[in-house]
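# Topology and contacts: notes
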Amino acid sequence: MQSSAASPQERAVIRAKVGLPPLAEARVGRPRVERLLAGLIERHRLVVVAATAGAGKTTAVAAATRELDHPPAWLTLDWTDSAPGRLVTYLEAALAGPAPGVAGVATGALAARIPHPEAAGLLVEATSPQPVVLVIDELERIAGS
């Protein structure tokens, strides 16, 4: 019988930060924008979506990722993610959805006192066999860190 208890790393992660945000039923769809964004995401290694607050960036990207052939890894940042090790832990949690092989890679490295940049490198290496779309929402919240 398997235990349903979460590992220490799983308990330390706010699950809502690493989940694809739901789309409101009453939203105004923008199919053209969503298709264009999905196409850009499929063709480019990096896509930056920038606009004023409230313009609908998160909603547009969330809708666009539903057009992709594979599920994205989603991470919504806040100011606390600039704490040492926290960003790497959340990146691991987000990536573990579409790439289960990354689970425990970075947090194990951090627990072994491997420096944060190396732990992040191990995380990237663990995702390499498969393409992964990583969405980082609210990145500006840690821009000065």
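Residues numbered from 1 in each chain as written. Predicted model: local features only at pLDDT ≥ 70, side-chain atom pairs only at ≥ 80, totals over all residues. Heavy atoms only, no water.

## A look at the overall build of the protein
Scanning the protein from terminus to terminus reveals six helices and two strands. Secondary structure elements in the protein, listed N-terminal to C-terminal, are α-α-α-β-α-α-α-β. For a compact globule of 145 residues, the expected C-alpha radius of gyration is about 15 Å, and the protein comes in at 16 Å, within 12% of that figure. Each of the three principal axes of the protein carries a C-alpha extent, and together these read 45 × 40 × 30 Å. Out of the 145 residues in the protein, the part that is buried amounts to 30%. When the accessible area of the protein is evaluated, it comes to approximately 9300 Å², of which 58% is carbon and sulfur surface. (Helix = DSSP H or I, 4+ residues; strand = E, 2+ residues; numbered from the N terminus. Rg over C-alpha atoms; globule rule 2.2 N^0.38 Å. Buried < 20%, exposed > 50% of the residue type's maximum accessible area, 1.4 Å probe, protein only. Areas by Shrake-Rupley, 256 points an atom, 1.4 Å probe, with all protein chains shown as cover.)

## Focus: the pairing of strand S2 (residues 134–137)
On S2, burial follows the alternation: Val135 and Asp137 on one face are buried, whereas Leu134 and Ile136 on the facing-out side are not. Of the pairings in the sheet, the one linking strand S1 (residues 73–76) to S2 comprises four bridges and is parallel in character. If you follow Leu75 over to S2, its bridge partner there is Ile136. (Pairing = 2+ DSSP bridges.)

## Remarks on the layout of surface pockets
Of the volumes computed, that of the largest pocket is approximately 1000 Å³. Along the wall of the largest pocket there are 27 residues; nearest its centre are Leu46, Val47, Leu134, Val135 and Ile136. At the level of secondary structure, the elements contributing two or more residues to the lining of the largest pocket comprise helix H2 (31–43), helix H3 (57–65) and S2. The element best represented in the lining of the largest pocket is S2, accounting for four residues. (1 Å grid on protein atoms, 1.4 Å probe; cavity = no way out; pocket = protein on both sides within 12 Å on 5 of 7 lines; lining within 4 Å. Points joined across faces, edges and corners; volume = space filled by probe spheres on them.)

## Observations regarding the packing of aromatic side chains
This model, assessed by the stated rule, comprises zero aromatic pairs. The ring of Tyr90 has Lys17 sitting right over it, with the charged end atom 4.2 Å from the ring centre. (Phe/Tyr/Trp six-rings, centres within 6.5 Å; stacked < 30°, edge-to-face > 60°. Lys NZ or Arg CZ within 6 Å of the ring centre and 35° of its normal.)

## Focus on unusual backbone geometry
Trans is the common state for peptide bonds, and a negative phi is the common state for residues other than glycine. Phi is positive for Arg113, close to 65 degrees, though the residue is something other than glycine. When you line up the elements, Arg113 lands in the loop between helix H5 (105–111) and helix H6 (116–127). We note that Glu138 has phi near 65 degrees; this positive angle belongs to a residue other than glycine. Relative to the helices and strands, Glu138 resides in the segment after S2.

## So, the environment of Ala16
In this structure, Ala16 sits in the loop between helix H1 (8–11) and H2. Remark: the alpha-carbon pair of Ala16 and Gly85, spanning 69 residues in sequence, is separated by 19 Å.

## What about the pattern of salt bridges?
Close approach of charged atoms lets side chains of opposite charge pair. Taken as a whole and judged by the stated rule, the model has five salt bridges. Residues Glu138 and Arg141 are paired through a salt bridge, measuring 3.2 Å at the closest nitrogen-oxygen approach. Linked by salt bridges that have partners in common, Lys17, Asp78, Asp81 and Arg86 make up one network. (Salt bridge = Lys/Arg side-chain N within 4 Å of Asp/Glu carboxyl O.)

## As for the environment of Ala99
Within the element layout of this structure, Ala99 appears in the loop between helix H4 (86–95) and H5. Given the relative accessible area of 3%, Ala99 is considered buried. When the C-alpha positions of Ala99 and Ser128 are compared, they lie 9.5 Å apart, and in sequence the two are 29 residues distant. When sequence neighbours within four positions are dropped, the list of residues in contact with Ala99 reads Gln130 and Val132. (Contact = heavy atoms within 4.5 Å.)

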